[in-house]
Amino acid sequence: MNAAEIATIEVIESTLSEHGSYRKVDESLYVIKQGSTYVMINVVPWAEERALVRCCAQLARGVNMDGELAIDLLHLNSQLRFGAFAYEPNERIVLFLHSILGGATFDSDELLATLTDVAIIADEYDDQIIEIYGGQTMHDLLEDQALLNILDTDPAEFSFSKA
């Protein structure tokens, strides 16, 4: 990990610990929740001595991209001050992404502005996309997965044990 990545991680952890709940997934990946969406914050190296902060929200999964949706998302992209909608075809996921430069010039105000915009846009548009084009929000997908895990568990196999 380069010095810019380390400095960026310090700003992220300090800022997030002061402004709400988050989950650290690994040494350079964090997740925050806003309404029905989750924003992933990933610190990645850029060249030898730089770092990028990539903020990504998965708005809807299981969406078929058609011409009308593509045009709607491209039009929205032209209206936003930063960030962009994207589509991942293998999992059929509509995303909202924005990257900023980390390192020595990176500060908590820039991080909070980015996270606020990404979270608000994602939470606003996930339901609208699903209503018109189908799919599921990340919140719904996680709830469905949790229910499947509960239903797949055999209570007869559970036993209390002393730690």
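In this report, we go over the structure that sits alongside the text.

Rules of the game
- Residues numbered from 1 in each chain as written.
- Predicted model: local features only at pLDDT ≥ 70, side-chain atom pairs only at ≥ 80, totals over all residues.
- Heavy atoms only, no water.
- Helix = DSSP H or I, 4+ residues; strand = E, 2+ residues; numbered from the N terminus.
- Expected span 1.5 Å × (residues − 1).
- Contact = heavy atoms within 4.5 Å.
- Polar contact = N/O pair within 3.5 Å; in protein donor to acceptor, adjacent residues only side chain to side chain.
- Phe/Tyr/Trp six-rings, centres within 6.5 Å; stacked < 30°, edge-to-face > 60°.
- Buried < 20%, exposed > 50% of the residue type's maximum accessible area, 1.4 Å probe, protein only.
- Lys NZ or Arg CZ within 6 Å of the ring centre and 35° of its normal.

Turning our attention to helix H1 (residues 3-18). With 16 residues, H1 should reach 22 Å at 1.5 Å per residue; the first-to-last C-alpha distance of 23 Å fits that figure. The secondary structure elements touched by the buried residues of H1 are strand E2 (29-34), strand E3 (37-46), strand E4 (50-61) and helix H3 (108-133). The N-cap residue of H1 is Asn2: its side-chain oxygen and the backbone nitrogen of Ala4 are 2.9 Å apart. Gly20 occupies a position one or two residues after H1 and carries a positive phi of about 125°.

Turning to the packing of aromatic side chains, a few remarks are in order. Scanning the entire structure with this criterion turns up three aromatic pairs. Judged by centre distance (6.0 Å) and plane angle (55°), the ring pair of Tyr22 and Tyr30 falls under tilted. Ring centres of Phe85 and Tyr125 lie 5.7 Å apart, and the angle between their planes is 90°; on these two criteria the pair is classed as edge-to-face. Of the two residues, Phe85 sits in strand E5 (residues 84-88) while Tyr125 sits in helix H3, which places them 40 residues apart along the sequence. For Phe85, a relative accessible area of 7% gives the class buried. Among the aromatic residues, ring-to-ring pairing joins Phe85, Phe96 and Tyr125 into one connected group. A cation sits over an aromatic face here: Lys33 above Tyr38, 5.6 Å from the ring centre.

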